[in-house]
Amino acid sequence: MKIKKSTEENIKLLKQKLPCADVIYHQFKCNQKSYQLCYVDSITDKNRMGDLLIRPIFALNPSSLEEVFYSLQIPNLTKISNLSDAITKLLAGQALLFCDGADFLISCDFLTYPTRAIAEPPTSTVVRGPREGFTESLKINLSMLRRRIKVKELVLENQEIGKYSKTTVCICYLSSIANSEIVKKVKQSLSTIEIDSIPDSSYVAKAINQRKASLFKQVGNTEKPDIFTQKLLEGRVGILVDGSPIAITVPYMLIEDLQSSEDYFVNNYRANMERIIRLISLAFAILLPALFVSAQLFHLQIIPLNFLLTIVSSIKGIPLSPSFEMFFTLLIFEILNEASIRMPKYVGMVLSIVGALVLGDTAVKAGIVSTPTIMIMALSGICLYTAPDMVDSMSVLRLIYLIVAGSLGGYGISLLSAFIAVYLCSIDNFGVPILAPYAPTLLPDFKDGVTMDFVTKMKKRPISLKTKNKTRLRIKGDSDE
């Protein structure tokens, strides 16, 4: 619908289409001309609007809206001649200025909304290295990215997703490094999303997953701008979502979640030790309860005699079978974990202590569960959180292993492990195998795998990402490897 020359008619139509309490209409006159200012009170910076728009108009004393448009020094000042476009701009935080006799209006960007201060992410704390974390504001997140990458090759492309939310989703990549095919696939995946609202980046991650029903994640995520920057420099494509502090990156490789940003800021030998500990801890978290149940039910001969005697004495009088006993303990631990997260912070801390000490000790004394079972489950739970980004999938996998171990014993564990290995080898994430660089074997990428080489020796970008520019480090006097 075209903008009419009568301000009263325009405002009447606008009120019919937008019966909203927070849409403010302010009328004023200047030089015998009637002006109508329209804005959304909850997302508009009124002080800035007064300083940059209203006061300059009275100082200018213009004879027409055309003169106002060419005289005001306001960024993002645009002409609009269609009422539907005007409504879209208004709901995006822009102020609309109507004038009698003009068949267009002016929109000015005075968007503002409360944002959280930049702080260290709770799940990615470090002793050494940057402590900044992304916030829910896309503009703030992009500013932290721009501060770290100051080249024209950094491409930022916005898309609006969500029928009602109109959420801004920003695709970030380096045009001189990122693989063009991967960039194209990401854009195509985003363009196919049809949804009412995008409240968080996890919705985007689930939508672009190539295997929707897979237990394993296929999209990388981080709350730290330094990690996000390094992934872009390796050749990945990043996605920032307005309203979400979690950035996502593709392609994703499973090895990423065994790495930490602090690995690159501490002694190389210490970093290697920590990565190996994480891998061993993850294996313990998944397999330890299953192996314990399997050994008790099917393979008593593999348990050392002294430990077997301890187990026999501890399970005396326990009414549950080893598998049901472990299931019961796992259920209690999961309930305590869920309750401690959902409860208020200080109550949750008390609940964790009460659950771990009082409930566990009482259960053992009451003869419901045995001491070795409590110890095995506690060790498994602690080990699981050495790789926090893998907790969701690994906790489900632990339960599956426990079911198989209680039914088929060690042979079931071996068969399930083989099936998972084959399945992971078959997953292709935006053209990159999820188990790279180990399946397929890419020896040059081993420099930053389970163990890492010295940073000065990582001269090439990962081969698995098929980047345009292969070299990321060149030191004068050193020969290329």
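Residues numbered from 1 in each chain as written. Predicted model: local features only at pLDDT ≥ 70, side-chain atom pairs only at ≥ 80, totals over all residues. Heavy atoms only, no water.

Student: What is the right way to look at the overall build of the protein chain in this model?
Tutor: Counting its regular elements, the protein chain contains 14 helices and 12 strands. In terms of C-alpha radius of gyration, the protein chain reaches 30 Å, well past the compact-globule figure of 23 Å for 481 residues. For the protein chain, the C-alpha atoms occupy an extent of roughly 100 × 65 × 40 Å along the three principal directions. Across the 481 residues of the protein chain, 44% fall into the buried class. For the protein chain, the proportion of contacts with a sequence separation of at least 24, taken over those separated by at least 6, is 63%. (Helix = DSSP H or I, 4+ residues; strand = E, 2+ residues; numbered from the N terminus. Rg over C-alpha atoms; globule rule 2.2 N^0.38 Å. Buried < 20%, exposed > 50% of the residue type's maximum accessible area, 1.4 Å probe, protein only. Contact = heavy atoms within 4.5 Å.)

Student: In this structure, what is going on with the sheet that holds strand β10 (residues 247-250)? I would like to understand it.
Tutor: Sheet strands associate in pairs through backbone hydrogen bonding, adopting either a parallel or an antiparallel arrangement. Pairing in this open sheet of five strands is antiparallel, and the strands run β6-β7-β9-β10-β8 from one edge to the other. Looking at the sheet topology across the chains shown, the edges are occupied by β6 (154-161) and β8 (220-222). Direction aside, neighbouring strands of the sheet carry axes that sit 25° apart on average. Direction of pairing for β8 relative to β10: antiparallel, over a ladder of three bridges. Residue pairing for β10: Gly220 is matched across the bridge by Thr249. Together, β6, β7 (167-174) and β9 (237-241) form the strand contacts of helix α5 (residues 138-148), whose direction differs from that of β6 by roughly 165°. (Pairing = 2+ DSSP bridges. Axes fitted to C-alpha atoms, helices over the stretch in contact; angles between N-to-C directions.)

Student: In this structure, what is going on with the side chain of Thr329? I would like to understand it.
Tutor: By the element assignment, Thr329 lies in helix α11 (residues 322-342). The buried category is assigned to Thr329, whose relative accessible area is 2%. Beyond its immediate sequence surroundings of up to four residues, Thr329 is in contact with Val369, Thr373, Ile374 and Met377.

Student: I would appreciate a short explanation of the packing of aromatic side chains in the present structure.
Tutor: Any two aromatic rings considered together are summarised by their centre-to-centre distance and by the angle between their planes. A complete count under the given rule lists eight aromatic pairs for this structure. Ring geometry for Phe134 against Phe228: centres 5.7 Å apart, planes inclined by 85°, an arrangement best described as edge-to-face. Linking Phe134 in the loop between β5 (105-109) and α5 with Phe228 in helix α8 (residues 225-234), this pair joins segments that are 94 residues apart in sequence. The residues Phe134 and Phe228 share a single accessibility class, namely buried. Centroid distance Phe216 to Tyr423: 6.3 Å. Interplanar angle 35°. Geometry classified as tilted. Within this pair, whereas Phe216 is found in the loop between α7 (201-208) and β8, its partner Tyr423 is found in helix α14 (residues 391-426), the two being separated by 207 residues in sequence. Overall, the relative accessible area of 7% leaves Phe216 in the buried class. The rings of Phe28, Tyr35 and Phe58 are connected pair by pair, giving a single aromatic cluster. (Phe/Tyr/Trp six-rings, centres within 6.5 Å; stacked < 30°, edge-to-face > 60°.)

Student: Which parts of the structure should I look at to understand the pattern of salt bridges?
Tutor: Two side chains that carry opposite charge are able to pair once their charged atoms sit near each other. Under the defined criterion, the tally for this structure stands at 21 salt bridges. With a closest N to O distance of 3.5 Å, Glu234 and Arg472 form a salt bridge. Taken together, the positions of Glu234 in helix α8 and Arg472 in the segment after β12 (432-433) put the pair 238 residues apart, joining distant regions of the chain. Look at Arg472 and you get partly exposed, because its relative accessible area is 32%. (Salt bridge = Lys/Arg side-chain N within 4 Å of Asp/Glu carboxyl O.)

Student: Please clarify how the sheet that holds strand β2 (residues 33-40) should be interpreted in this entry.
Tutor: Read across the open sheet, the five strands follow the order β1-β2-β4-β5-β3; overall the sheet is antiparallel. The sheet is open, and its two edges are formed by β1 (23-30) and β3 (78-80), each paired on a single side. Sheet twist, expressed as the mean angle between neighbouring strand axes with direction ignored, is 25°. Taken strand by strand, helix α2 (residues 46-60) contacts β1, β2, β4 (94-99) and β5, and its axis lies near 20° from that of β1.

Student: Would you mind going over the side chain of Gln218 with me for this structure?
Tutor: Its location among the elements puts Gln218 in the loop between α7 and β8. Of note is the side chain of Gln218, whose polar atom sits 3.4 Å from the backbone nitrogen of Gln210. Dropping the residues within four chain positions of it, Gln218 is found in contact with Asn209, Gln210, Arg211, Tyr252 and Asn429. (Polar contact = N/O pair within 3.5 Å; in protein donor to acceptor, adjacent residues only side chain to side chain.)

Student: What exactly am I supposed to notice about helix α4 (residues 83-91) here?
Tutor: The periodicity of an α-helix, 3.6 residues per turn, causes residues three or four places apart in sequence to face the same way. Considered for burial, the residues of α4 that qualify are Leu83, Ala86, Ile87 and Leu90. Each buried residue of α4 lies within a common arc of 100° when the element is viewed along its axis, so the set occupies one face. As for α4, its buried residues are in contact with α1 (7-17), β1, β2, β3, β4 and β5. A side-chain oxygen of the first residue of α4 lies 2.8 Å from the backbone nitrogen of Ser84; this N-cap is Asn82. Gly93 sits one or two positions beyond α4 and adopts a positive phi of about 100°. (Arc of directions from axis to C-beta.)

Student: I'm lost on the packing of helix α9 (residues 268-297) against α11 in this one. Help?
Tutor: Describing two packed helices takes the angle between their axes plus the distance from one axis to the other. Put simply, α9 and α11 touch, their axes get as near as 9 Å, and they point 160° apart. By the angle between their axes, α9 is roughly antiparallel relative to α11. Taken as a pair, α9 and α11 cross one another with a handedness that is right-handed. From α9, Pro289, Phe292, Val293, Gln296 and Leu297 reach across to α11, where they touch Pro322, Ser323 and Met326. When grouped by side-chain class, the residues that make up the contact of α9 with α11 number six nonpolar, two polar and no charged. (Parallel < 35°, antiparallel > 145°, perpendicular 65-115°, else oblique. Left-handed = near helix turned anticlockwise from the far one by under 90°. Nonpolar A, V, L, I, M, F, W, Y, C, P; charged D, E, K, R; others polar.)

Student: Is there a simple way to think about the packing of α9 against α14 in this case?
Tutor: The contact between α9 and α14 brings their axes to 8 Å, and the two run at 30°. Between α9 and α14, the interaxial angle falls into the category roughly parallel. Crossing handedness for the pair α9 and α14: right-handed. Across the interface between the two elements, Leu282, Ala285, Ile286, Leu287, Pro289, Ala290, Leu291, Val293, Ser294 and Leu297 from α9 touch Met394, Leu397, Arg398, Tyr401, Leu402, Ala405, Gly406, Gly409, Gly410 and Ile413 from α14. Counted by class, the contact of α9 with α14 contains 15 nonpolar, four polar and one charged residues.

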